Number of protein chains: 2
Amino acid sequence: MIDVTLLGTGGGMPMVNRYLASTLLNFKGRKILIDCGEGTQVAMRKFKTGFKSIDLICITHFHGDHIFGLPGLLSTMGNSDRTELVTIIGPYGLAKVLNGLLLSLSYLPYDIYIIENPKKPIAIKANKAGLELEEIEDSKASNNCDMVLKTIELDHSCHCLGYSFYVKRMPKFVPEKAELNNVPKEIWKILQRGETIEQNGKKYFPHMVLGEERRGIKLSYITDTRPTEEIVDFISDSDLFICEGTYGDNEDLEKAINNKHMTFEEAANLALKGNVNELLLTHFSPSMDEPEVYKENAIRIFPKTIIGHDGMRKLLNYR
Amino acid sequence: MIDVTLLGTGGGMPMVNRYLASTLLNFKGRKILIDCGEGTQVAMRKFKTGFKSIDLICITHFHGDHIFGLPGLLSTMGNSDRTELVTIIGPYGLAKVLNGLLLSLSYLPYDIYIIENPKKPIAIKANKAGLELEEIEDSKASNNCDMVLKTIELDHSCHCLGYSFYVKRMPKFVPEKAELNNVPKEIWKILQRGETIEQNGKKYFPHMVLGEERRGIKLSYITDTRPTEEIVDFISDSDLFICEGTYGDNEDLEKAINNKHMTFEEAANLALKGNVNELLLTHFSPSMDEPEVYKENAIRIFPKTIIGHDGMRKLLNYR
């Protein structure tokens with residue numbers, strides 16, 4: 001299960017009635033934040049999400065509406081006595097940009113670990129103390145983790161990353177299989193957790209006690225960008241596809257092209273081609289007071305479209 | 001006349017119901033902003049003050065609650081097609097801190113002029129295109145300006161500046177005096193404006209046509225600090241003394257001492273000793289939900305105390 005909160009749904013500038021596009025994932029009691037525009041920490045207070053247990057922050061790109069809330073949030077996390085490491089992932093140049101933003105801070109009581117433009121998937125394991133991250137060769141090498149994060153390069157006016165999160169689902173435990181493979185009863189639980197163990201000179205693997213692979217939960221997050229064919233592959237079969245819909249009106253297509261953004265219709269086309277389950281639109285232009293007005297432009301192409309609003313929560317469960 | 005808007009009245013962290021302490025002065029159609037915490041540009045939208053005509057930003061110190069709104073505001077000012085120079089005054093290190101905060105911005109369509117820790121008064125002249133600033137030897141050398149800005153070093157946990165603004169009032173024009181001094185009628189208006197002119201080999205000065213000096217408007221702004229004797233001199237005879245009141249409860253005196261802040265009572269004592277006309281408290285601790293509850297702690301000492309609130313406006317006129 002993964003709990004998704006849209007902290008804000010605005011793009012460009014922070015507004016009185018709409019926070020900037022930023023999304024919080026809650027997973028096994030720990031948190032992942034995607035983007036952090038000015039006011040993100042205030043939205044967290046408003047929607048009572050808490051911020052102390054944020055272990056990972058994913059930054060799409062360095063435009064102000066996606067990063068200017070970072071110095072404030074990181075300070076506030078420090079003031080709330082956080083001491084565990086925080087990992088921040090983002091495009092090339094992240095370390096430099098972050099050092100600049102934090103130049104006035106005398107200290108933070110926790111360390112920041114920076115990953116710039118990861119080319120390989122990242123395996124994430126959740127435990128009570130926080131999220132553990134490890135770069136892996138490919139998704140198949142992710143035996144002993146809970147979630148796999150991937151990035152994609154988007155087509156915006158600056159270097160920009162999209163993100164996907166795949167929450168793994170353990171196969172069912174099959175006692176008949178364990179008995180058939182002569183696995184001693186006392187190590188069933190270890191193999192069941194996905195771990196490998198050697199006993200009396202013999203190696204035991206999880207597949208010896210587990211059934212067929214089961215589908216997990218896939219969440220993808222694409223903003224800011226023009227639509228590309230690579231995105232279609234990247235988001236394919238997502239349970240939830242969170243996507244920028246900067247412009248609702250089809251007549252704003254030229255603006256979308258010039259500013260390297262998308263219309264609702266374009267986002268819906270991506271959702272259709274990507275065969276996703278649900279499309280959630282966000283990152284609305286400040287010029288668009290009521291994005292709901294343009295919902296039909298997306299629904300016509302992809303019926304399972306939701307227009308996001310600040311504070312919207314979605315619980316994603318295994319299907 | 002000077003128009004003062006409290007954009008926010010909070011200290012420490014931005015809250016859902018209280019913006020961070022930041023104050024906007026409107027003077028002859030141009031604007032001066034004092035401090036800029038996260039969300040300041042949103043408060044400006046909420047209170048419909050406009051931000052394009054901000055010519056001068058005065059920064060007290062580099063704690064996040066006073067500066068983390070700068071990159072966003074400066075971007076937004078750029079996006080609104082501002083091209084005129086913006087001057088920013090602040091403590092030593094301002095250039096470095098600002099360069100860091102703005103590292104991710106590819107460009108701004110206007111220039112920023114930085115003044116670090118000015119030791120001398122600054123004469124400010126307002127015209128339609130903006131505010132012109134000039135460092136002067138002392139306030140007496142400020143003949144041809146509309147306002148004089150001064151700074152004072154405060155006693156906070158980091159280098160911190162207080163500000164005062166003196167809006168000058170021109171003496172009355174006295175035609176009898178002009179005639180007595182044989183000033184040609186065609187140059188009366190020039191002298192009346194405070195300018196000096198030479199005609200037919202003779203120099204004419206403003207005092208030849210003007211009456212006695214008249215009291216202007218003094219506004220002083222003190223946050224964040226412990227009370228000091230230097231502050232009493234600096235704020236003396238202010239029409240409005242805007243002062244931090246981080247803690248309302250007298251029992252928080254120890255906290256105030258440790259965190260280098262003030263209680264309401266301490267701020268009121270400064271107001272009394274400084275013989276100011278009115279005390280306006282701001283920069284309330286996030287732990288204080290309703291500062292009004294503690295008003296009596298200030299009133300008892302200095303009756304003309306106002307508890308600030310976000311969006312509060314004060315019009316200061318010549319007395």
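Residues numbered from 1 in each chain as written. Chains lettered and ligands numbered in written order. Predicted model: local features only at pLDDT ≥ 70, side-chain atom pairs only at ≥ 80, totals over all residues.

Colleague: If you had to explain the overall build of chain A to someone new, which residues and values would you point to?
Modeller: For chain A, the count of helices and strands is 10 helices and 17 strands. The globule rule puts the C-alpha radius of gyration for 319 residues at 20 Å, and the 21 Å found for chain A is close to it. If one aligns the C-alpha atoms of chain A with their principal axes, the spans along those axes are about 70 × 50 × 30 Å. Going through the 319 residues of chain A one by one, you find that 49% of them count as buried. Counted over contacts in chain A with a minimum sequence separation of 6, partners at least 24 positions apart contribute 64%. (Helix = DSSP H or I, 4+ residues; strand = E, 2+ residues; numbered from the N terminus. Rg over C-alpha atoms; globule rule 2.2 N^0.38 Å. Buried ≥ 20, exposed ≤ 12 C-beta atoms within 10 Å, placed from the backbone. Contact = placed C-beta atoms within 7 Å.)

Colleague: I'd like a description of the sheet that holds strand 17 (residues 313-316) of chain B, backed by residues and values.
Modeller: Residue and element names in this part refer to chain B. Strand order across the open sheet formed by 7 strands is 6-5-4-3-2-1-17, with mixed pairing between neighbours. Pairing within the sheet leaves two strands with one partner each, and these edge strands are strand 6 (112-116) and strand 17. With direction set aside, neighbouring strand axes in the sheet form an average angle of 20°. Across 5 bridges, the pairing between strand 5 (residues 86-90) and strand 6 is parallel. From the neighbouring strand, I88 faces strand 6, where its bridge partner is I114. (Pairing = 2+ DSSP bridges. Axes fitted to C-alpha atoms, helices over the stretch in contact; angles between N-to-C directions.)

Colleague: Got a sec to walk through the nonpolar core? Specific residues and values, please.
Modeller: Residues A267 and L279 of chain A together with A267 and L279 of chain B are the most contacted members of the largest nonpolar core, which totals 158 residues. Once residues within four sequence positions are removed from consideration, L279 of chain B is found in contact with F241, C243, A267, A268, A271, A298, F302, K304, T305 and I306 of chain B. (Core = buried A, V, L, I, M, F, W, Y, C linked by C-beta atoms within 7 Å.)

Colleague: Break down the sheet that holds strand 17 (residues 313-316) of chain A for me, with residues and values.
Modeller: All names here are of chain A. If you trace the 7 strands from one edge of the open sheet to the other, you get 6-5-4-3-2-1-17, paired in mixed fashion. Bordering the open sheet on either side are strand 6 (112-116) and strand 17, each of which pairs with just one other strand. On average, each strand axis in the sheet is inclined to that of its neighbour by 20°, with strand direction left out of account. Pairing analysis gives 5 bridges linking strand 2 (residues 22-27) to strand 3 (residues 30-34), with the strands arranged antiparallel. Its bridge partner lying in strand 3, L24 is registered against L33.

Colleague: Provide a residue-level description of helix 3 (residues 70-79) of chain A, including the pertinent values.
Modeller: Across the 10 residues that make up helix 3 of chain A, a large majority, 8, are buried. The complete set of buried residues in helix 3 of chain A reads L70, P71, G72, L73, L74, S75, T76 and M77 of chain A. The secondary structure elements touched by the buried residues of helix 3 of chain A are helix 1 (40-46), strand 4 (54-58), helix 2 (64-67) and helix 4 (94-101) of chain A together with helix 2 (64-67) of chain B. In the segment just after helix 3 of chain A, D81 of chain A is the residue with positive phi, at about 65°.

Colleague: Please give an account of the pairing of strand 4 (residues 54-58) of chain B that cites residues and values.
Modeller: It is a general feature of regular strands that their side chains alternate between the two faces of the sheet. All names here are of chain B. Along strand 4, 5 of the 5 residues are buried, which leaves the element largely enclosed by surrounding structure. One ladder, built from 4 bridges, connects strand 3 (residues 30-34) with strand 4; its direction is parallel. Bridged to K31 within strand 4 is I54. Regarding topology, helix 1 (residues 40-46) serves as the crossover connection from strand 3 to the parallel strand 4, and that connection is right-handed. When strand 4 meets strand 5, the two strands line up parallel, connected through 3 bridges. By the bridge assignment, L56 is partnered in strand 5 with T87. (Right-handed = clockwise from strand over helix to strand, strands pointing away.)

Colleague: Explain the relation of the copies chain B and chain A residue by residue, including any values.
Modeller: For these two chains of identical sequence, chain B goes onto chain A by a turn of 180° and a shift of 0.0 Å along the axis, with RMSD 0.0 Å. Such a turn and shift between the copies fits a two-fold axis. Among all residues of chain B, the minimum C-alpha distance to the rotation axis is found for G100 of chain B, at 1.8 Å. Interface overlap between copies: 100% of the residues of chain B at the interface are likewise at the interface in chain A, consistent with a symmetric, same-surface contact. (Least-squares fit on C-alpha atoms with pLDDT ≥ 70 in both.)

Colleague: Help me get a handle on the environment of T196 of chain A, residues and values and all.
Modeller: All names here are of chain A. Checked against the element boundaries, T196 lands in the loop between helix 6 (188-192) and strand 11 (197-199). You can call T196 partly exposed: it has 14 C-beta atoms within 10 Å. Between the alpha carbons of T196 and M208 there is a distance of 10 Å; along the sequence they are 12 residues apart. In contact with T196, other than residues within four places in its own chain, are K203, Y204, F205 and P206.

Colleague: Run through the interface of chain B and chain A, naming residues and quoting values.
Modeller: Facing 25 residues of chain B, the contacting portion of chain A comprises 25 residues. At the level of elements, helix 1, helix 2, helix 3 (70-79) and helix 4 (94-101) of chain B are the ones that each hand at least two residues to the side of chain B that touches chain A.

Colleague: Quick rundown of helix 4 of chain A? Include the residues and the values.
Modeller: Among all positions of helix 4 of chain A, only L94, L98, G100 and L101 of chain A are buried. Projection of helix 4 of chain A onto a plane perpendicular to its axis shows the buried side chains occupying an angular sector of 160°, all on one side. In this structure, the buried residues of helix 4 of chain A make contact with helix 3, strand 5 (86-90) and strand 6 of chain A together with helix 4 of chain B. (Arc of directions from axis to C-beta.)

Colleague: Hey, could you go over unusual backbone geometry for me, with residue numbers and the actual values?
Modeller: Residue and element names in this part refer to chain A. For the bond from T223 to D224, the omega torsion is 5°, close enough to zero to count as cis. Along the chain, D224 falls in the loop between strand 13 (214-222) and helix 7 (229-235). Its identity as a non-glycine residue notwithstanding, N275 has a phi of 50°, on the positive side. Since 12 C-beta atoms lie within 10 Å of it, N275 is described here as exposed.

Colleague: Could you give me a rundown of the environment of V293 of chain B, with the residues and numbers involved?
Modeller: All names here are of chain B. Along the polypeptide, V293 turns up in the loop between strand 15 (279-282) and helix 10 (295-299). Judged by local crowding, V293 falls into the exposed class, with 12 C-beta atoms found within 10 Å. As a C-alpha pair, V293 and G248 span 45 residues in sequence and 8.0 Å in three-dimensional space.

Colleague: With reference to specific residues and values, describe the environment of E265 of chain B.
Modeller: Residues and elements named next belong to chain B. Locating E265 in the fold gives a position in helix 9 (residues 264-273). On the basis of neighbour count, E265 is assigned to the buried category, with 22 C-beta atoms found within 10 Å. Taking C-alpha positions, E265 is 21 Å from L6, a pair spaced 259 residues apart along the chain.

So, to be careful, I would describe these as geometric facts and stop short of saying anything about function.
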